Amino acid sequence: MSPQHTAVGDGPLIPRPERTPGALRAACAVVAPQLLTAYDQAKDQVLAEAVEHGSLKPVHAYLEHWAALIEIERHPETARAYHRAEYLAHLAIAPDEAREHLATAGGVYRDAAKAVHTE
């Protein structure tokens, strides 16, 4: 996997990674290297939570969340639409406008989460 991968239309830049910390991190390094710091911080936090609560639920939630984010980033047009909607929601002055953009971003995220959950 290298940053030189190109997609036709909104095809994936890379194959869908396995839902493991190492595979998701490797995919993140290719499709969204700007998120690596957040990925590592979230992993450290979730592992501490799992130990504190004696449960793997935080780890599973973390893996599902990052799998969805990587799914978005694997598709350039989808990622652009997602980031644009988030950006416009932050700029919105009217609450209805912000809600509309957040609903768009939320729909993209839900579709990605569904795609990786049903694999």
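Enquirer: What am I meant to see in the packing of aromatic side chains here?
Expert: What describes a pair of aromatic rings is the distance from one ring centre to the other and the angle between the planes of the rings. Going through the model one piece at a time under the given rule, you end up with two aromatic pairs. Where Tyr 39 meets Tyr 62, the ring centres are 5.5 Å apart and the plane angle is 50°; that geometry is what we call tilted. Here Tyr 39 is found in helix α2 (residues 36-53), whereas its partner Tyr 62 is found in helix α3 (residues 57-74), with 23 residues between them in sequence. Judged by its relative accessible area of 0%, Tyr 39 falls in the buried class. Take Tyr 62: its relative accessible area is 7%, and that puts it in the buried class. Taking 5.0 Å as the distance between ring centres and 80° as the angle between the ring planes, the aromatic pair formed by Tyr 39 and Trp 66 counts as edge-to-face. Taken together, the positions of Tyr 39 in helix α2 and Trp 66 in helix α3 put the pair 27 residues apart, joining distant regions of the chain. Judged by its relative accessible area of 5%, Trp 66 falls in the buried class. Each residue in the set Tyr 39, Tyr 62 and Trp 66 is aromatic and connected to the rest through ring pairs, giving one cluster.

Basis of the calculations
Residues numbered from 1 in each chain as written. Predicted model: local features only at pLDDT ≥ 70, side-chain atom pairs only at ≥ 80, totals over all residues. Heavy atoms only, no water. Phe/Tyr/Trp six-rings, centres within 6.5 Å; stacked < 30°, edge-to-face > 60°. Helix = DSSP H or I, 4+ residues; strand = E, 2+ residues; numbered from the N terminus. Buried < 20%, exposed > 50% of the residue type's maximum accessible area, 1.4 Å probe, protein only.

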